[in-house]
Structure formats: structure tokens, C-alpha cells
Amino acid sequence: MKISKIVLENYRNIENLTAEFDDVNIIWGENAQGKTNLTEAIYLFTGAHSFRGNKDKELIMFGKNRSRLYLEFYGNNREQNAEIEIEKRKKVKLNGIAKKSATALGDEIKTVIFSPVHLSMVKDGPSERRKFIDSALCQLKSNYRNLLKNYNKALEQRNYILKNSESLHQTEATLEIWDMSLAKSGAKIIYQRMKYIEALAPYLKDIFKGLSGGSEEIELKYIGATEFTDDINDIENKLYDTLRTHIKTDIINHTTTKGPHRDDIEILINSKSVKLYGSQGQQRSCVLAMKLAEASLLKEKTGIEPVALLDDVMSELDEKRQDYILNHIKNLQVFITCCDKETILRLKKGKTFHIENGKIVP
Ligand SMILES: Nc1ncnc2c1ncn2[C@@H]1O[C@H](COP(=O)(O)OP(=O)(O)O)[C@@H](O)[C@H]1O
Ligand SMILES: [Mg+2]
């Protein structure tokens, strides 16, 4: 897919902006001028929340009560457009038709995004890694979001029962039906995630080799509540047993301590945990490689070419790695932000947008 035009009104520090895009777009300017804001605005059209973790109303320009975003893009062999209005709640339209939920945009608009906040994928706890795999799967499989929703609904019910538990015996009986339901949807989630890691591996290894100049091998490992095979019934049975044997612990903790909502993905370089032993450059390269591999796999499985949004990607990387990144994404439309446009123009031709105080200036 390709984004041709964006129009923003009262979005963060951007009061009014219209931009028409090319295949390679370099958004440059000093700090705090609106480069990430513009990237984030594009990203919102995937139907997701801000990658910076803001609430919708925080995206509206200070002192205004409504923000409007409009996007023209080419996807699924046709010209399309999308609108987002942020007021009390977010309202979206796709090709002029109002949609119930913003996530509907995600069926048409796909991106892979790298921003420095995504380094938490390597540095922080498991939830960031689950987010990576879940959002990749949401872009890949239309039913995965519902699967997560169903699981989380059952999980909420189970946790409610645990919080109000009076006796172990009675709780065990009440939970049985929820544990069956959790094991069923949870097993599907675990299975899809394991399959995703398997499918991602060849792309990831290849990209990481390229980035590291051939000296380093990357591997992802799914870490579940217990050792799972890739048989979905077996996963369901094991998950059910795990849930049942942990009821006592769960009552003490007032919450469900085992299941896919607690699982992790271990990232290894040359068989060593990158979280524990990786250098800054290795950690950055890992996240980038995972994002680029995600794009390659999405393209391979769906034929859809996501748009690559690379916010502040080049800092701290040597010219060889920068060059590799840019050449690796030659088939995708790309948006890159940086402070100095020369860095990127040296490596690749592109349309430049100089941002100052929320405006495009010459
Ligand atoms: N809701 C908002 N209204 C107005 N300005 C905002 C809002 N949210 C953030 N900003 C401003 O946007 C600027 C940061 O923009 P950003 O795109 O992150 O900068 P950069 O160009 O460094 O990527 C900051 O000056 C911040 O105060
Ligand atoms: Mg920024």
C-alpha cells in the first residue's frame, strides 16, 4: 500500500498541515518540532492507539477541543481515504462510511513502526514483547483480535471470581467453566504465537545477519507457563491443567497468574539473552530486525506491503547498518524522521519535509 496525502488539524503541535508523499519520505528538523507527531498521526490510521501510550484526548492540540485527521492512500488496488475525528471519543470513517470501531481501519491500512519507545521490547518486561507479537498477528489474521478479546473477557470473569473467593473448594467448582473457556481460547492464542515465531525465524535470521555483518545469530523462543508442543489440543489440555493447579496461588494473588497474558518471548543473540547481555547497538538492531522481518512476513503471507514508519531509527547506527536498513526496505513506502536530512539523502533519494514548530517549512 501507499499513502499519498495527509491532512491534519489540531493534532498535538500541528495546527494545520497538508502533505503529499512519495515512496521515500524524510521528515527532518530539530528536536520537539513535530516529527514524531506526524509519524504518530500516520500510525493512528492503522486503528491502533498511539505508540507513545497516550490517551486519545491527549492527542488534541492544547486548548482545542477537536482534532481531525484525513488520509488518502492506495490499497487493495484502489484509491481510498480515511478520516479520524478525536473529540470526546474517536470516530472514524473509511471511504466516507462511518465505522463502529477505529480498528476497522486496520483491515486496510498496515504499517510496521519503529520508534525509540519500541526499544522497550528488548529492555523491559514481557508485556512489550507480547504486544509486538499480538499486534503483528492482528495485522496478519483478522480473527486474532477477537480471540484476544474473548480470552480477556473470560480472564476478567475469572479474576473477579478469584477476588471474591470464599473457599478453595467452592472457587474450584465455580471456576471450572471459566478455566475450560480460557484454556480453549488461550490455546489458540499460544498456538498462533508459536506458529508466528516459527514463520518469522527465517526472515529474522537473514535480516539480523545482514545488519550485524554476518557475525551474529538471532533466535526467538516462546516462553509459556509450561513446555508446549505445537499440537493445539495438547496446548489446551496443558493450559487447563496449569490453570487448575494454580487456583490456590491465584486466590492468594487475587489474579490469574498463568496463561498467555503472562507469557514471554525470549530474544537470544548467539544463544545469549539480549536483554541481559546485549549491547545498546545489538538491542537496537534486534528490535529493528524484528520489525523488518514482520514487514517481510506480512508481505509474504498477505501480499500487502505495509508502510514502514521509522522514527529516529538512524541515530547510534553506523553507516553500514543505516545503508542495510534502507536497502532492505526498498520495496516498501518509507517514512523516516531524523534531525539531519543529509544522513539519509546520502544513502537514498527521497522527498524531504522540513518540520518547524508543527509546520512544514521550506
Ligand atoms: N496535545 C498537544 N498539544 C500541543 N502540543 C503538543 C501536544 N502533545 C505534544 N505536544 C508538543 O509536541 C512537541 C513534540 O513533538 P514531537 O513530534 O515529539 O517532536 P520531534 O520533532 O522531536 O519528534 C513538544 O513540544 C510537545 O510539547
Ligand atoms: Mg521525535
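Residues numbered from 1 in each chain as written. Chains lettered and ligands numbered in written order. Predicted model: local features only at pLDDT ≥ 70, side-chain atom pairs only at ≥ 80, totals over all residues. Heavy atoms only, no water.

Time to look at the overall build of the protein. A count of helices and strands for the protein gives 11 helices and 15 strands. Here the C-alpha radius of gyration of the protein, 22 Å, is about what a compact globule of 362 residues would show, namely 21 Å. With the C-alpha coordinates of the protein rotated into their principal frame, the extents come out at 70 × 50 × 35 Å. Burial analysis of the protein (362 residues in total) assigns 49% to the buried set. Nonlocal contacts in the protein, meaning residues at least 24 apart in sequence, comprise 71% of its contacts between residues at least 6 apart. Carbon and sulfur atoms make up 47% of the accessible area of the protein, which amounts to about 17,600 Å² in all. (Helix = DSSP H or I, 4+ residues; strand = E, 2+ residues; numbered from the N terminus. Rg over C-alpha atoms; globule rule 2.2 N^0.38 Å. Buried < 20%, exposed > 50% of the residue type's maximum accessible area, 1.4 Å probe, protein only. Contact = heavy atoms within 4.5 Å. Areas by Shrake-Rupley, 256 points an atom, 1.4 Å probe, with all protein chains shown as cover.)

The full set close to ligand 1 counts 15 residues, and Ala32, Lys35, Thr36, Asn37 and Ile60 are the nearest of them. One of the backbone N or O atoms of Arg12 is found 3.3 Å from a nitrogen atom in ligand 1. At 2.8 Å, a backbone N or O of Asn37 approaches an oxygen atom of ligand 1. Coverage of ligand 1 by the protein amounts to 75% of the 580 Å² it exposes when considered alone. Looking at the shell around ligand 1 residue by residue, the class counts come to four nonpolar, six polar and five charged. (Near = heavy atom within 4 Å. Polar contact = N/O pair within 3.5 Å; in protein donor to acceptor, adjacent residues only side chain to side chain. Nonpolar A, V, L, I, M, F, W, Y, C, P; charged D, E, K, R; others polar.)

What the three strands build is an open sheet, ordered β9-β10-β11; its pairing is antiparallel. The two strands at the open ends of the sheet, each matched to only one other strand, are β9 (218-223) and β11 (272-273). In terms of strand pairing, strand β10 (residues 264-269) meets β11 through two bridges, oriented antiparallel. Bridge assignment links Ile269 to a residue of β11, and that residue is Lys272. This element, helix α5 (residues 168-212), spans β9 and β10 of the sheet and lies at about 170° to β9. (Pairing = 2+ DSSP bridges. Axes fitted to C-alpha atoms, helices over the stretch in contact; angles between N-to-C directions.)

Attention now goes to the nonpolar core. Counting 68 residues, the largest nonpolar core has Tyr196, Leu220, Ile267, Cys286, Leu310 and Ile325 as its most contacted members. Of the residues forming this core, the biggest block, 13 residues, is contributed by α5. Looking at which domains feed residues into this core, each of domain 1 (1-110 + 305-362) and domain 2 (120-303) supplies at least three. Within the second largest apolar cluster, 36 residues are counted, among which are Leu17, Leu44, Leu59 and Val92. (Core = buried A, V, L, I, M, F, W, Y, C linked by side-chain atoms within 4.5 Å. Domains from an automatic or database assignment.)

Sheet architecture is open: six strands sit in the order β2-β1-β4-β5-β6-β7, paired in antiparallel fashion. Edge positions in the open sheet fall to β2 (14-20) and β7 (97-99), since each of these has one partner strand only. Put simply, the sheet's adjacent strands are angled 15° from each other on average, direction ignored. Inspection of the sheet shows strand β5 (residues 78-86) paired to strand β6 (residues 90-94) by five bridges, in the antiparallel sense. Across the sheet, residue Glu83 finds its bridge partner in β6, namely Lys93. Sitting on the sheet, helix α1 (residues 35-44) is in contact with β1 (2-11), β2, β4 (67-75), β5 and β6, with an inclination near 110° to β1.

To continue, consider the packing of aromatic side chains. In this structure the tally under the stated criterion is three aromatic pairs. Taking the centre distance of 4.8 Å and the plane angle of 85° together, the rings of Phe21 and Phe335 count as edge-to-face. Of the two residues, Phe21 is situated in the loop between β2 and β3 (24-28) and Phe335 in strand β13 (residues 334-338); the sequence distance between them amounts to 314 residues. Where Tyr43 meets Phe51, the ring centres are 5.5 Å apart and the plane angle is 75°; that geometry is what we call edge-to-face. Of the residues examined, Tyr43 reaches a relative accessible area of 14% and is grouped as buried. Residue class for Phe51 comes out buried when judged on its relative accessible area of 12%. An aromatic cluster of three or more residues is present, and its members are Phe21, Phe335 and Phe353. (Phe/Tyr/Trp six-rings, centres within 6.5 Å; stacked < 30°, edge-to-face > 60°.)

Let us look at the domain arrangement of the protein. For the protein, the assigned domains are domain 1 (1-110 + 305-362) and domain 2 (120-303). Inter-centroid distance (C-alpha atoms) of domain 1 to domain 2 is 29 Å. Facing 17 residues of domain 1, the contacting portion of domain 2 comprises 18 residues. Between domain 1 and domain 2, the buried area comes to about 1,600 Å², and carbon and sulfur atoms account for 60% of it. Among the residues domain 1 hides against domain 2, the three largest losses belong to Lys110, Arg321 and Tyr324. Together they make up 34% of the total. Counting every contact that joins domain 1 to domain 2 gives one salt bridge. A salt bridge links Glu305 to Lys299; its shortest N-O distance comes to 3.4 Å. (Buried area = accessible area lost by both parts, 1.4 Å probe. Salt bridge = Lys/Arg side-chain N within 4 Å of Asp/Glu carboxyl O.)

All right, on to the pattern of salt bridges then. Applying the stated criterion to the full structure yields 22 salt bridges. Of the charged contacts in the structure, one is a salt bridge between Glu198 and Lys195, with a shortest N-O distance of 3.8 Å. Of this pair, Glu198 and Lys195 both sit in helix α5, three residues apart, which is roughly one turn of the helix. Look at Lys195 and you get partly exposed, because its relative accessible area is 28%. The salt bridge involving Arg346 is made with Glu319; its shortest N-O contact spans 3.4 Å. With Arg346 in the loop between α11 (341-345) and β14 (351-356) and Glu319 in helix α10 (residues 319-328), the pair connects residues that are 27 residues apart, well separated along the chain.

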